[in-house]
Amino acid sequence: MALSFLTPKPDSGLGNIRTSPGDPSRNIDWVLLTVQGLLTVIGCFVIYSASWTQVEDDPFSFVNRQVVFAIAACVVMFVVMSIDYGWFKEKAMVMYVATVALLLLLLIMGFAQGLSRISFDLGPINFQPAELAKFTTLIALASYLADERSDEVSYPRFLGGLILVGIPAVLVIAQPDLGSASVIVTIAMGVLLVAGAKGKYIALISILSLSTVAATFAGGFVNRYQVTRLRVFFGQDVNEDSIYQVRNAIRAVGTGRITGKGWLQGPLTNGGDVPVMWADFPFAAVGEQFGLVGCAVLLALFVIALMRIWRIATLSRDLLGTYLCAGVFTMLLWQVFQNVGMTLGIMPVTGLPMPFISYGGSSLLTYFAMFGIVQSVHMRRMR
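Residues numbered from 1 in each chain as written. Predicted model: local features only at pLDDT ≥ 70, side-chain atom pairs only at ≥ 80, totals over all residues. Heavy atoms only, no water.

Undergrad: Describe the packing of helix 5 (residues 129-146) against helix 7 (residues 178-195), and please don't skip the residues or the numbers.
TA: One way to put it is that helix 5 packs onto helix 7 with a least axis distance of 10 Å and a crossing angle of 20°. With respect to each other, helix 5 and helix 7 are oriented roughly parallel. Once helix 5 is placed against helix 7, the crossing between them reads as right-handed. Contacts between helix 5 and helix 7 involve Ala130, Glu131, Ala133, Lys134, Thr137, Leu138, Leu141 and Leu145 on the former and, on the latter, Ser180, Val183, Ile184, Ile187, Ala188, Val191, Leu192 and Ala195. (Axes fitted to C-alpha atoms, helices over the stretch in contact; angles between N-to-C directions. Helix = DSSP H or I, 4+ residues; strand = E, 2+ residues; numbered from the N terminus. Parallel < 35°, antiparallel > 145°, perpendicular 65-115°, else oblique. Left-handed = near helix turned anticlockwise from the far one by under 90°. Contact = heavy atoms within 4.5 Å.)

Undergrad: Help me get a handle on a nonpolar patch on the surface, residues and values and all.
TA: Taken together, the side chains of Val41, Phe45, Trp263 and Phe290 present a nonpolar region at the surface, about 360 Å² in accessible area. Following the sequence through the fold, Phe45 ends up in helix 1 (residues 30-51). (Patch = residues over 30% accessible without salt bridge, like charges linked within 9 Å, V, L, I, M, F, W, Y side chains within 5 Å. Areas by Shrake-Rupley, 256 points an atom, 1.4 Å probe, with all protein chains shown as cover. Salt bridge = Lys/Arg side-chain N within 4 Å of Asp/Glu carboxyl O.)

Undergrad: So what about the pattern of salt bridges? Which residues, and what values?
TA: Tallying each qualifying case throughout the model produces six salt bridges. Between Arg317 and Asp84 there is a salt bridge whose closest N-O contact spans 3.0 Å. Taken as a pair, Arg317 in the loop between helix 13 (282-315) and helix 14 (319-344) and Asp84 in the loop between helix 2 (61-82) and helix 3 (85-90) lie far apart in primary sequence, 233 residues in all. Residues participating in the shared-partner salt-bridge network are Asp29, Arg308 and Arg311.

Undergrad: Residue-level account of the packing of helix 1 against helix 15 (residues 361-379), with values.
TA: Running from N to C, helix 1 and helix 15 point in directions that differ by 170°, and their axes come no closer than 11 Å. Considered as vectors, helix 1 and helix 15 are oriented roughly antiparallel to each other. Here Leu32, Leu33, Gln36 and Thr40 of helix 1 come into contact with helix 15, specifically with Phe368, Phe371, Val374 and Gln375. Looking at the contact of helix 1 with helix 15, its residues break down into five nonpolar, three polar and no charged. (Nonpolar A, V, L, I, M, F, W, Y, C, P; charged D, E, K, R; others polar.)

Undergrad: Mind laying out the packing of aromatic side chains, listing which residues take part and the relevant values?
TA: For the structure on display, the rule yields 16 aromatic pairs. Ring geometry for Phe45 against Trp263: centres 5.4 Å apart, planes inclined by 65°, an arrangement best described as edge-to-face. Here Phe45, found in helix 1, pairs with Trp263, found in the loop between helix 10 (240-255) and helix 11 (267-270); they are 218 residues apart in sequence, far enough to count as distant. For Phe45, a relative accessible area of 47% puts it in the partly exposed group. With centroids separated by 5.7 Å and ring planes inclined at 70°, the aromatic side chains of Phe356 and Phe368 adopt a geometry described as edge-to-face. In this pair, Phe356 sits in the loop between helix 14 and helix 15 while Phe368 sits in helix 15, placing the two residues 12 residues apart along the sequence. You'll find Phe356 and Phe368 in the same group, each marked buried. Three or more aromatic residues link up through ring pairs in this structure, and these residues are Phe45, Tyr48, Trp52, Phe60 and Trp263. (Phe/Tyr/Trp six-rings, centres within 6.5 Å; stacked < 30°, edge-to-face > 60°. Buried < 20%, exposed > 50% of the residue type's maximum accessible area, 1.4 Å probe, protein only.)

Undergrad: Can you break down the side chain of Asn248 residue by residue, with the values?
TA: Residue placement: Asn248 occurs in helix 10. For Asn248, a relative accessible area of 2% corresponds to the buried category.

Undergrad: Go over helix 6 (residues 155-173) with me, naming the residues and quoting the values.
TA: If you check helix 6, its first and last C-alpha atoms are 25 Å apart, about what 19 residues at 1.5 Å a residue would give, namely 27 Å. By the largest-angle criterion, Gly166 marks the main kink of helix 6, which is about 30°, and a proline, Pro168, follows within four residues. Those residues of helix 6 that fall on the buried side of the exposure criterion are Arg157, Phe158, Gly160, Gly161, Leu164, Val165, Pro168, Ala169, Leu171, Val172 and Ile173. (Expected span 1.5 Å × (residues − 1). Bend = angle between axes of the 7 residues up to and from the residue.)

Undergrad: I'd like a rundown of the side chain of Glu288, residues and numbers included.
TA: Mapped onto the fold, Glu288 is located in helix 13. Although Glu288 is buried, it forms no salt bridge, and the closest oppositely charged side chain is Lys261 at an N-O distance of 4.0 Å. When near neighbours in sequence (up to four residues on either side) are disregarded, Glu288 contacts Ala252, Val253, Thr255, Gly256, Gly260, Lys261, Gly266, Pro267, Leu268 and Thr269. (Lys, Arg positive; Asp, Glu negative; His and termini not counted.)

Undergrad: How would you explain the confidence of the model for the chain if you had to name every residue and give the values?
TA: Here the chain averages 85 in pLDDT, while 86% of its residues score no lower than 70. Low pLDDT, under 50, characterises residues 1-7; the predicted model gives this stretch zero contacts beyond four residues in sequence or across chains. (pLDDT = per-residue confidence, 0-100.)

Undergrad: Could you give an account of the nonpolar core, with specific residues and numbers?
TA: Soluble globular proteins tend to pack their nonpolar side chains together in the buried interior. One finds Phe302, Ile309, Leu324, Leu332 and Phe371 to be the most contacted residues of the largest nonpolar core, which totals 107 residues. Here this core gets 13 residues from one element, more than from any other, and that element is helix 13. (Core = buried A, V, L, I, M, F, W, Y, C linked by side-chain atoms within 4.5 Å.)

Undergrad: So what's going on with unusual backbone geometry? Which residues, and what values?
TA: The phi angle of most residues is negative, glycine excepted, and most peptide bonds adopt the trans form. Backbone torsion omega between Gln175 and Pro176 reads 0°, so that peptide bond is classified as cis. Position of Pro176 among the secondary structure elements: in the loop between helix 6 and helix 7. Here Arg257, not a glycine, exhibits a phi torsion of approximately 55°, which is positive. Relative to the helices and strands, Arg257 is located in the loop between helix 10 and helix 11. Judged by its relative accessible area of 68%, Arg257 falls in the exposed class. At Phe356, a residue that is not glycine, the phi angle is positive and equals roughly 70°.

Undergrad: Any details on helix 15? Residues and values, ideally.
TA: For helix 15, which comprises 19 residues, the first-to-last C-alpha distance of 26 Å matches the rise-based estimate of 27 Å (1.5 Å per residue) to within 8%. Extensive coverage of helix 15 is indicated by the burial of 18 of its 19 residues.

Undergrad: With reference to specific residues and values, describe the environment of Leu306.
TA: Topologically, Leu306 is positioned in helix 13. When the C-alpha positions of Leu306 and Ala326 are compared, they lie 10.0 Å apart, and in sequence the two are 20 residues distant.

Undergrad: Would you mind going over the environment of Leu315 in detail, with residue names and values included?
TA: Considering the arrangement of structural elements, one finds Leu315 in helix 13. Leu315 gets classed as partly exposed once you look at its relative accessible area, which sits at 35%. Taking the C-alpha atoms as reference points, Leu315 and Met382, 67 residues apart in sequence, are found 8.9 Å from one another.

As structure tokens, then:
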């Protein structure tokens, strides 16, 4: 009797390839995944270099937590990647309504306590609904616009999209978290531009956003430090304490020169001269320790990531995938520009983190989920 394991199996017609070329597992964008991993690792080194002298009892405190956040973010990303992005369209409104409910709950809790709250305190971690809003608003807007198969966004469809974006954006502004609100608006602009919205529609969003922010400032709904940051940017507040953080951040980048002073050798970075550098001004730490070369390498990695996302958007099998990638593209571009800009003094300080580099679990989870969506689009482009 012939042994079963010696019996030849039927030829699939694919030789040694056991799966079809269209199988999602064979279509991961490894370049994008590698760049994302490099940015995350660089972020951990930057966080350690900017925080190890600030925590006496445990110099690894911040970086250890960031590593834990990164591991959790990887799990989230691979779960998102494993799901067909079309599934998110089916659940878009459920996720959107849940996010709006969380934003409202946070706002109510803040009013009840007489405090400004941007996060829920969950013991060892702080959960920021504004970060979740970036993800769910993108899903809701892209799903809504993808239902209209045309080369141009109609006015009724534009108004519907404006409402979808406006509700979470206004709730985030009311926290107040102007930085996160700007990201939500930027995501909307990117998606609408790719969807074919007219220039006057984009101009209307810009005017409404600026008017809302102006009304927030005029109504006294923002914190004193946010007003001070804006005054510093426009040169109306030259108080030494007010300009201390930005001035030293600029000095850190400038004194790094071409090759920098070496890892853990930056006087301003290690001396705590830029408060909360590991969260708000990591680019200054890169500039001082690794100089122009280090800054150029870091920005080059972001450029590669943007190019890969744009490529995936053009390869998408449908409009939904294209719109999702467009939103992630504009979100990444805006946050990198804003964070670098505020470090160099050409943009107001908003507290927006540098993606993958700044310390923070909510931001890291959001970006890994966003990149998971992009990978999902790429993995299923041949179906």
